[in-house]
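# Geometric and topological summary
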Amino acid sequence: MSYTRPGAGLRHRRLPDARLRRPRGTAAHRTHRVDITDRARAALRHVIDQHGAVLLHQSGGHHDSGSPRCLPIRESRIGGEDVLLGSLPWHTELWISGEQYEHLKHAHLTVDVADEPGGGPSDALEDMRFVIRSRLLTDEEAAAQAAGGPPRTGADRLA
């Protein structure tokens with residue numbers, strides 16, 4: 001796998017073949033449950049250009065402000081109970097804790113940028129804060145989600 005230097009972006013990054021293949025027994029299509037606003041997309045691109053590949057993680061703990069943390073991939077620790085809720089542009093994944101998933105499993109999420117910078121745990125890389133807005137899944141989305149099987153967890157990632 002070839003990496004670009006931080007600040008060079010991901011446009012020349014090559015993914016290994018193993019990441020492109022779907023594990024056996026997983027559904028080919030899942031309900032698209034995560035979107036990103038144009039403002040958050042621009043902010044995410046800026047963070048990636050400055051720091052390299054990142055992921056978003058919302059722990060749901062009592063110290064968490066409700067905002068996902070933006071973490072460099074190499075410094076992130078995904079636990080076995082964490083759930084992959086979706087993918088954003090530039091191979092950025094949105095992970096949430098298993099506890100948080102129980103509250104959000106019937107929701108569609110939109111990643112945005114807070115109007116006020118700072119103040120939350122997601123300021124690890126830049127003076128900005130990503131926030132998550134949610135709505136209930138429609139009946140059609142919920143049915144497709146149920147048919148898609150269980151979501152990927154950190155335990156799957158570690159296996």
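My aim in this report is to walk through the structure given alongside it, one point at a time.

## What to know about the pattern of salt bridges
In this structure the tally under the stated criterion is six salt bridges. Taking the shortest distance from any N to any O, the salt bridge between R39 and D115 comes out at 3.2 Å. Of this pair, R39 sits in helix 2 (residues 38-51) while D115 sits in the loop between strand 6 (107-113) and strand 7 (130-136), placing them 76 residues apart in sequence. A salt bridge links D112 to R133, with the shortest nitrogen-to-oxygen separation between them at 3.3 Å. Here D112, found in strand 6, pairs with R133, found in strand 7; they are 21 residues apart in sequence, far enough to count as distant. Looking at D112, the relative accessible area reads 13%, which means it is buried.

## Considering the environment of E141
Examined against the element boundaries, E141 turns out to sit in helix 4 (residues 139-147). Look at E141 and you get buried, because its relative accessible area is 17%. Each C-alpha atom, one on E141 and one on H106, is 9.2 Å from the other, the two residues being 35 residues apart in sequence. In terms of polar contacts, E141 uses its side chain to reach the side chain of R135, at 3.0 Å.

## Examining the packing of aromatic side chains
For the structure on display, the rule yields zero aromatic pairs. The cationic tip of R45 hangs over the ring face of W90; the distance from NZ or CZ to the ring centre is 4.7 Å.

## Some details on the pairing of strand 2 (residues 54-58)
Counting buried residues in strand 2 gives five out of five residues, a clear majority hidden from the surface. Where burial is concerned, the two faces of strand 2 agree: the one with V54, L56 and Q58 and the one with L55 and H57 are both buried. Strand direction decides the pairing type here: strand 2 and strand 3 (residues 69-72), joined by four bridges, are antiparallel. Note that in strand 3 the partner of L56 across the bridge is C70. Across three bridges, the pairing between strand 2 and strand 5 (residues 92-96) is parallel. Across the sheet, residue L56 finds its bridge partner in strand 5, namely L94.

## A short note on unusual backbone geometry
Phi is positive for W90, close to 60°, though the residue is something other than glycine. With respect to the helices and strands, W90 occurs in the loop between strand 4 (83-88) and strand 5. The class for W90 is partly exposed, based on a relative accessible area of 28%. Its identity is not glycine, yet H91 carries a phi of approximately 60°, on the positive side. Its place among the elements puts H91 in the loop between strand 4 and strand 5.

## Digging into the sheet that holds strand 3
If you walk across this open sheet you meet the four strands as 3-2-5-4, and the pairing is mixed. The strands lining the two open edges of the sheet, one partner per strand, are strand 3 and strand 4. Averaged over all neighbouring strand pairs, the angle between strand axes comes to 25°, with direction disregarded. Each of strand 2, strand 3, strand 4 and strand 5 touches helix 2; the most contacted strand, strand 2, lies at about 125° to it.

Rules used in this analysis
Residues numbered from 1 in each chain as written. Predicted model: local features only at pLDDT ≥ 70, side-chain atom pairs only at ≥ 80, totals over all residues. Heavy atoms only, no water. Salt bridge = Lys/Arg side-chain N within 4 Å of Asp/Glu carboxyl O. Helix = DSSP H or I, 4+ residues; strand = E, 2+ residues; numbered from the N terminus. Buried < 20%, exposed > 50% of the residue type's maximum accessible area, 1.4 Å probe, protein only. Polar contact = N/O pair within 3.5 Å; in protein donor to acceptor, adjacent residues only side chain to side chain. Phe/Tyr/Trp six-rings, centres within 6.5 Å; stacked < 30°, edge-to-face > 60°. Lys NZ or Arg CZ within 6 Å of the ring centre and 35° of its normal. Pairing = 2+ DSSP bridges. Axes fitted to C-alpha atoms, helices over the stretch in contact; angles between N-to-C directions. Contact = heavy atoms within 4.5 Å.

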